[in-house]
Amino acid sequence: MTSTRDHWSEDAACRGAQSDELFVDGPSQKRAKTVCTGCPVRTECLAEALDNGIEFGVWGGMTERERRALLRRSPNVASWRKVLDNARRDSERAQAG
């Protein structure tokens, strides 16, 4: 996605949301994750949380528990941004082809 904005977060679906809507516990996390559905910068958001060890809140459609599990399964990933960008490109190619 090409943007004239300075940071991916300016294009986020949750940009106007209150922080207490995204930094929730238990069943409320499922509702918070729906904000991420269709977000144009979901990949960038998730990469930010994974690459920087952000522990709390829903980021890129994943809860802190889901992110911890992913990090445990793949402890040697140096850049989640690269991994997620490559996966998105592969998916786009598969859909187009």
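Higher on the page you've got the structure.
Residues numbered from 1 in each chain as written. Predicted model: local features only at pLDDT ≥ 70, side-chain atom pairs only at ≥ 80, totals over all residues. Heavy atoms only, no water.

Asker: What is the right way to look at the overall build of the protein in this model?
Answerer: When you go through the protein residue by residue, the secondary structure sums to five helices and zero strands. Beginning at the N terminus, the succession of helices and strands in the protein can be written as α-α-α-α-α. Out of the 97 residues in the protein, the part that is buried amounts to 31%. The contacts of the protein with a sequence gap of at least 6 include a subset with a gap of at least 24, amounting to 50%. (Helix = DSSP H or I, 4+ residues; strand = E, 2+ residues; numbered from the N terminus. Buried < 20%, exposed > 50% of the residue type's maximum accessible area, 1.4 Å probe, protein only. Contact = heavy atoms within 4.5 Å.)

Asker: Sorry if this is basic, but what is going on with a positive patch on the surface here?
Answerer: A surface patch of positive charge is lined by Arg 65, Arg 68, Arg 72 and Arg 73. By the element assignment, Arg 73 lies in helix α4 (residues 64-73). (Patch = residues over 30% accessible without salt bridge, like charges linked within 9 Å, V, L, I, M, F, W, Y side chains within 5 Å. Areas by Shrake-Rupley, 256 points an atom, 1.4 Å probe, with all protein chains shown as cover. Salt bridge = Lys/Arg side-chain N within 4 Å of Asp/Glu carboxyl O. Lys, Arg positive; Asp, Glu negative; His and termini not counted. Charge placed at Lys NZ, Arg CZ, Asp CG, Glu CD.)

Asker: Please explain the pattern of salt bridges as it appears in this structure.
Answerer: Where charged atoms from two side chains of opposite charge come close, those side chains can pair. Applying the stated criterion to the full structure yields five salt bridges. Arg 88 is paired through a salt bridge with Asp 85; the nearest N and O atoms lie 3.0 Å apart. Remark: Asp 85 and Arg 88 occur in helix α5 (residues 80-96); sequence separation between them is three residues, near one turn of the helix. Residue Arg 88 is classed as partly exposed on the basis of its relative accessible area of 24%. Between Arg 93 and Asp 90 there is a salt bridge, and its shortest N-O distance comes to 3.0 Å. Residue Arg 93 and its partner Asp 90 are located together in helix α5, separated by three residues, close to a single helical turn. Overall, Arg 93 belongs to the exposed group, its relative accessible area being 54%.

Asker: Which parts of the structure should I look at to understand the packing of helix α3 (residues 42-51) against α5?
Answerer: What describes two packed helices is the angle between their axes and the distance between those same axes. Interhelical geometry of α3 versus α5 gives an angle of 155° and a closest axis separation of 8 Å. Comparing the axis directions of α3 and α5 gives the class roughly antiparallel. In this structure, the crossing between α3 and α5 has a hand that is right-handed. Contacts between α3 and α5 involve Thr 43, Glu 44, Leu 46, Ala 47, Leu 50 and Asp 51 on the former and, on the latter, Trp 80, Arg 81, Leu 84, Asp 85 and Arg 88. Grouping the amino acids of the contact of α3 with α5 by side-chain chemistry returns five nonpolar, one polar and five charged. (Axes fitted to C-alpha atoms, helices over the stretch in contact; angles between N-to-C directions. Parallel < 35°, antiparallel > 145°, perpendicular 65-115°, else oblique. Left-handed = near helix turned anticlockwise from the far one by under 90°. Nonpolar A, V, L, I, M, F, W, Y, C, P; charged D, E, K, R; others polar.)

These figures come from the coordinates and say nothing about function on their own.
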